[in-house]
Amino acid sequence: MTLPDSAPPAVVGAEAHFRALESLYAAAPINRLFESELEISASGFARILFTIDSRFFHAGGAAHGTSYFKMLDDAAFYAANSLVTDRFLLTTAFNLLFTRPLREGPVVAEGRWVSGQRRVFVAEARLVDSSGEEAARGTGTFMRSRIPLATLPGYRKDAA
C-alpha cells in the first residue's frame, strides 16, 4: 500500500520519544504559568524557549530567580530524560550560578547531559539572553523514578 504524498512520515524510535517528551512538557500545568516551548533535537540535548516580561520581575526590575531555576532545571532534566525511554526522571539536586540579570525579551535555556546512564544522571544547562550573553548556568542530578513515562497524561508517542 502506498501512502498519499501529503501523509507525514511516521515518527519512530528516538524521534518519537523526543516528540512525546515535548508533548509531556507542553501538558504540564506549570507551563500555563511559564509559557515556554521545549525542543529536543538529539539524545542528551534540550532547549527551552521562553520570553521574560515584567510579570517575572522582582522589586529590582529584573527576572526573579524562580524563572532562572525553572528554565535551567527543565532544560537539564529533559536533556537527561531524552536518554531514558521508560521512566520519568526526578530532580534530586540542582545548583545555580547567576551571572547577569535577565531583562525583558527572549531567553533560551540550553540543556546538555553530562554523565550517567543507569540510575543517576548529571546534566547542565545555561541561560542565554537575546544579546547572546549567558545569564546563568546550573548543574543537576536526576534519578529514575518508579513512574512509567507511558502512564503520564501528556507523554504521547503519536505526537508529531
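Residues numbered from 1 in each chain as written. Predicted model: local features only at pLDDT ≥ 70, side-chain atom pairs only at ≥ 80, totals over all residues. Heavy atoms only, no water.

Student: Just to check I follow, could you spell out the packing of aromatic side chains for this structure?
Tutor: Aromatic ring pairs are reported here in terms of the distance separating the ring centres and the angle at which the planes meet. If you walk through the whole model with that rule in mind, you get 9 aromatic pairs. Between Tyr-25 and Tyr-78, the ring centres sit 5.5 Å apart and the planes meet at 85°, which makes this aromatic pair edge-to-face. Note that Tyr-25 is positioned in helix α1 (residues 13-27) and Tyr-78 in helix α2 (residues 65-81), a separation of 53 residues in sequence. A centroid spacing of 5.6 Å and a plane angle of 85° characterise the contact between Phe-69 and Phe-94, whose relative ring orientation is edge-to-face. (Phe/Tyr/Trp six-rings, centres within 6.5 Å; stacked < 30°, edge-to-face > 60°. Helix = DSSP H or I, 4+ residues; strand = E, 2+ residues; numbered from the N terminus.)

Student: Can you help me understand α1 in this one?
Tutor: Since one α-helical turn is 3.6 residues long, residues separated by three or four positions face the same way. Counted at 1.5 Å a residue, the expected span for α1 with its 15 residues is 21 Å, and the 21 Å between its end C-alpha atoms agrees. Turning to α1, its buried residues are Ala-16, His-17, Phe-18, Arg-19, Ala-20, Leu-21, Glu-22, Ser-23, Leu-24 and Tyr-25. Each element contacted by the buried residues of α1 is listed here: β1 (36-42), β2 (45-52), α2 and β3 (87-98). (Expected span 1.5 Å × (residues − 1). Buried < 20%, exposed > 50% of the residue type's maximum accessible area, 1.4 Å probe, protein only. Contact = heavy atoms within 4.5 Å.)

Student: Looking at this model, I keep getting lost on the environment of Arg-47. Mind explaining?
Tutor: Of note, Arg-47 is situated in strand β2. Take Arg-47: its relative accessible area is 33%, and that puts it in the partly exposed class. When the C-alpha positions of Arg-47 and Glu-37 are compared, they lie 8.1 Å apart, and in sequence the two are 10 residues distant. Sequence-distant contacts of Arg-47, defined by excluding residues within four places in its chain, comprise Glu-37, Leu-38, Glu-39, Val-108, Ala-109 and Glu-110.

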